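The lines below spell out each chain.
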Amino acid sequence: WRYHKKSSTNVGDFFVLYKSLILITLTYYIDRLYFKKNKFWMFKLMGSYTFNKNILKSSGQEFFKLLGTGSKNGFSVFPDFSNYAMISSWKDDADRKAFLEKNKIMTTILSKCHERVEIKIDPYEFKGSWNKINPFKNDSSYKGGKILIITRARVKFQKLLEFLISTSKASKSIKNHSGALYYKGVGELPIIEQSTISIWESEEKMKMYAYSNSDHMKIISKARKRRWYSEELFVRCNIIHDKKINE
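Remember, it's a predicted structure, so these values are computed and weren't measured experimentally.

Remarks on the environment of Lys243
Here is step 1 of the chain: Secondary-structure assignment places Lys243 in strand E8 (residues 229-245).
Here is step 2 of the chain: For the pair Lys243 and Glu118, spaced 125 residues apart in sequence, the C-alpha separation works out to 5.4 Å.

Set out below in structure tokens:
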């Protein structure tokens, strides 16, 4: 009995250790792509990607999303043809480097875009799911300094109009809030698959907005009461680096 109990514990400890090692080895990125020219080409590619995700598959890729953006602050039925975003995670940086340099579609995107902003992130708090999984599970904690927030929601079709009307005011309030350095609405599908990416001076500044801004608090309360979403995700990330890359 004692031997059997000891063996079970060792097996359990092994799987905990194995899981933690997997979490530590993943590397996470957000890329913001800006197009001065070739806007229609990129818009068509976004459509192709929507129906065939395999065109941007690559070895070592754990999670990948190419996202369009809405005009102005992002919450609009009209697309922003100049700006796109990629969210991805990789087994290591070498796999990501190979993707950027060798995937034919990706190299064409980079050659046609005017500017790329590469943000390496370190997720430390996460809740919810994206397509029934949480791709941001990571063993970390807040390190101080700037943070990046990812929110994602799948809006129920019958709630679309109410969602659009209600969120426009809240999105404007973020732009004007102290400590908000960047904010953009992004998504896989206009309005239905809605995400946001925001950058804040600190976690404290983000919390001041999240828990004290009346417009934001009203939206959170209304979304829960009215059950706008069929799926939600919220992620807080340390920023490892944030740099412009002119291709």
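Overview of helix H4 (residues 104-112)
Here is step 1 of the chain: What H4 keeps buried is the set Met106, Ile109 and Leu110. Angular distribution of buried residues about the axis of H4 spans 95°; they occupy a single face of the element. Opposite the buried face of H4, at more than 90 degrees from it, the exposed residues are Lys104 and Ser111.
Here is step 2 of the chain: As for H4, its buried residues are in contact with strand E1 (27-34), helix H2 (39-51), strand E3 (79-90), helix H3 (93-102) and strand E4 (115-128).
Here is step 3 of the chain: In this structure Asn103 caps H4, since a side-chain oxygen of it lies 3.1 Å from the backbone nitrogen of Ile105.

A word on the side chain of Gln194
Here is step 1 of the chain: Following the sequence through the fold, Gln194 ends up in strand E7 (residues 193-200).
Here is step 2 of the chain: Engagement of the side chain of Gln194 in a polar contact is seen with the backbone oxygen of Val186, the distance being 3.3 Å.

Quick look at the nonpolar core
Here is step 1 of the chain: Ranked by size, the top nonpolar core spans 21 residues in total, and within it Ile87, Phe136, Leu148 and Ile150 carry the most contacts.
Here is step 2 of the chain: At the level of elements, E1, strand E2 (61-70), E3, E4, strand E5 (147-155), E7 and E8 are the ones that each hand at least two residues to this core.
Here is step 3 of the chain: For this core, the leading source of residues is E8, giving 4 residues.
Here is step 4 of the chain: By size, the runner-up hydrophobic cluster in this structure holds 19 residues, among which are Leu56, Leu66, Phe99 and Cys113.

Cut-offs used in this document
- Residues numbered from 1 in each chain as written.
- Predicted model: local features only at pLDDT ≥ 70, side-chain atom pairs only at ≥ 80, totals over all residues.
- Heavy atoms only, no water.
- Helix = DSSP H or I, 4+ residues; strand = E, 2+ residues; numbered from the N terminus.
- Buried < 20%, exposed > 50% of the residue type's maximum accessible area, 1.4 Å probe, protein only.
- Arc of directions from axis to C-beta.
- Contact = heavy atoms within 4.5 Å.
- Polar contact = N/O pair within 3.5 Å; in protein donor to acceptor, adjacent residues only side chain to side chain.
- Core = buried A, V, L, I, M, F, W, Y, C linked by side-chain atoms within 4.5 Å.

Any link to function would need more than the numbers given here.
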